[in-house]
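What the coordinates show
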Amino acid sequence: MPVHSDCSDCEEERFSFEAFTRHPFFTDVNRWIVERVICPGRRKIVDLGCGPGAVTKLILERLGDARNATVIGIDPSASALQKARDAIHSKVVEFIQGSAEWVSRLVSSADAVVFLNAIHLVPDKAQVIGEIRKTLKQDGVFAFNTTFFNGAYVEGTAAFWRRWVVRAVQVLRERGFEVQHSAHAHAVARQFLTAAEYSNLCVQAGFSPPTIDLVRIEMTPESMRDIGRFSLFIEGALPGVPLEEGAAALEKGLDRAMDETGVRTVPRNWLECVATAA
Ligand SMILES: C[S@@+](CC[C@H](N)C(=O)[O-])C[C@H]1O[C@@H](n2cnc3c(N)ncnc32)[C@H](O)[C@@H]1O
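What you see is a predicted model; the values in this text were computed from it and never measured. Just so you know, the residues in each chain are numbered from 1, in the order the chain's sequence is written. Local features in a predicted model are, by the rule used here, given only for residues with pLDDT of at least 70; side-chain atom pairs are given and counted only at 80 or more, and totals for whole chains, interfaces and linings are based on all residues.

**Here's the deal with the overall build of the protein**
Every helix listed is a DSSP run of H or I at least four residues long, and every strand listed is a run of E at least two residues long, numbered separately from the N terminus. A count of helices and strands for the protein gives twelve helices and seven strands. A compact globule built from 278 residues would reach a C-alpha radius of gyration of about 19 Å, and the protein, at 19 Å, matches this within 12%. Dimensions of the protein along its principal axes, counting C-alpha atoms only, are 55 × 45 × 35 Å. Counting other C-beta atoms within 10 Å of each residue's C-beta, where C-beta atoms are placed from the backbone, gives the exposure class: buried for 20 or more, exposed for 12 or fewer, partly exposed between. Of all 278 residues assigned to the protein, the portion counted as buried reaches 41%. Any residue pair is listed as a contact if its two C-beta atoms, each placed from the backbone, are within 7 Å. Intrachain contacts of the protein at a sequence separation of at least 6 include 80% that bridge at least 24 residues. As defined in this context, the radius of gyration uses C-alpha atoms, and a globule is described by 2.2 Å times the residue total to the power 0.38.

Laid out in structure tokens, this is it:
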């Protein structure tokens, strides 16, 4: 595919989430929750925010021969869906372009909605969790995970994550870029909620009090480099900065932060939440 600097599909392609999904710990945090919610009785399954399909593959793996199921992958990104369609050829899977904000208009009477590594991107979480409740049957399950929440930083590591962004901003300034501090929309969308706040939102939307676990993983330097090349991460860390410059600055900033601290791998928590429709 030719690459044009002004083509948003090409941009999405170049700054895709796919490289990050190949790290083994990422499979682990997703398989952890998929194994808890996908079982033979649950036949209509929504993979919301499916992206390039890493979680869809885990759901299919978990279903094994129970192929009387339907798996519906939904994502707003056309380029991510194209990757998912290219990677997954299964009669039980269909992919739909759409968004969590109106998921109940796309699917109804689902047994499970799995929304992995995406809920932090949603500005109005109460509205979206309400939509997911409408999409589910009574007793259906809603499972989500995220590492962008208040509690993700393992004790003693917050300074490293801060230093990484500070060094990236420093690199941008050296290269003549002004970095905005007040990209309000981004700040709201990237608001880090606590586990208790997520739990309350689920209950307010008509779920029983959810079970919440923290799974701790070790982020390797390669995985941090890969997440630093993902469009939505760049936009969150460096609001308003063009993706190419943001990715380059995050890469250089990571090297500086590591050189200064001697840190190589960084532990981090994933929040894993399962709620049943009351
Ligand atoms: C970090 S990726 C996660 C992909 C996949 N769930 C996984 O865990 O491998 C986040 C995905 O959420 C999607 N997304 C962003 N906003 C969304 C929304 N409002 N509704 C549904 N999906 C959304 C993005 O397009 C992206 O594909």
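**Structural notes on the site of the ligand**
Taken together, 21 residues sit near the ligand, with Gly 49, Gly 51, Ala 100, Asn 117 and Ala 118 positioned nearest. Throughout this entry, Asp, Glu, Lys and Arg are counted as charged residues, while Ala, Val, Leu, Ile, Met, Phe, Trp, Tyr, Cys and Pro are counted as nonpolar. The remaining residues, Gly among them, count as polar. When the residues that make up the shell around the ligand are grouped by side-chain class, the tally is twelve nonpolar, seven polar and two charged. For each residue, a C-beta position is placed from the backbone atoms; the residue is near a molecule or strand when that point lies within 6 Å of it.

**Considering the sheet that holds strand β4 (residues 110–116)**
Strands qualify as paired when DSSP identifies two bridges or more between them. Across the sheet, seven strands lie side by side as β3-β2-β1-β4-β5-β7-β6; this open sheet has mixed pairing. Among the strands making up the open sheet, the edge pair consists of β3 (93–97) and β6 (211–219). Sheet twist, expressed as the average angle between the axes of neighbouring strands with direction ignored, equals 20°. When β4 meets strand β5 (residues 136–146), the two strands line up parallel, connected through six bridges. Paired with Ala 112 across the strands is Val 141, a residue of β5. Throughout, an axis means a line fitted to C-alpha atoms (over the contacting stretch in the case of helices), and angles, computed between N-to-C directions, take values from 0 to 180 degrees.

**What about the confidence of the model for the protein?**
The pLDDT value expresses, per residue, how confident the predictor is, ranging between 0 and 100. Per-residue confidence for the protein gives a mean pLDDT of 92; residues scoring 70 or more make up 92%. Predicted confidence for residues 1–6 stays below pLDDT 50, and this span has five contacts to residues more than four positions away or in other chains. Here residues 184–189 is modelled with pLDDT under 50, and outside its nearest four sequence neighbours on either side it reaches six contacts, counting other chains as well.

**Considering the pairing of β5**
Burial runs high along β5: eight of the eleven residues are buried. If the strands point away from the viewer and the path from the first strand over the helix to the second runs clockwise, then the crossover is right-handed. Note that the unit made of β4, helix α6 (residues 125–135) and β5 has a crossover that is right-handed. Across six bridges, the pairing between β5 and strand β7 (residues 266–276) is antiparallel. Its bridge partner lying in β7, Phe 144 is registered against Cys 273.

**Looking at the environment of Phe 15**
Mapped onto the elements, Phe 15 comes out in the loop between α1 (8–14) and α2 (18–21). Residues in contact with Phe 15, not counting those within four places in the same chain, are Arg 229, Phe 230, Ser 231, Ile 234, Leu 243 and Ala 247.

**What to know about unusual backbone geometry**
Positioned with a positive phi, Ser 109 is a non-glycine residue whose angle comes to about 55°. Within the chain, Asn 117 stands out as a residue other than glycine whose phi angle is a positive 60°.

**Some remarks on the packing of helix α7 (residues 158–174) against helix α12 (residues 243–261)**
α12 packs onto α7 with a crossing angle of 125° between their chain directions and a minimal axis gap of 7 Å. The pairing of α7 with α12 is recorded here as oblique in orientation. At the point where α7 passes α12, the crossing takes the right-handed sense. Residues Phe 160, Arg 163, Trp 164, Arg 167, Ala 168, Val 171 and Leu 172 of α7 form the contact with α12, whose own contacting residues are Glu 245, Ala 249, Leu 250, Lys 252, Gly 253, Leu 254, Arg 256, Ala 257, Glu 260 and Thr 261. Split by residue class, the contact of α7 with α12 holds nine nonpolar, two polar and six charged. Angle categories are assigned with fixed cut-offs, so that under 35 degrees is roughly parallel, over 145 is roughly antiparallel, 65 to 115 is roughly perpendicular, and the rest are oblique. Each crossing gets its handedness from the near helix: less than a right angle anticlockwise from the far helix is left-handed, clockwise is right-handed.

**What about α6?**
Considered for burial, the residues of α6 that qualify are Lys 125, Val 128, Ile 129, Glu 131, Ile 132, Arg 133 and Thr 135. On its buried face, α6 is in contact with β1 (44–48), β4, β5 and α9 (195–204).

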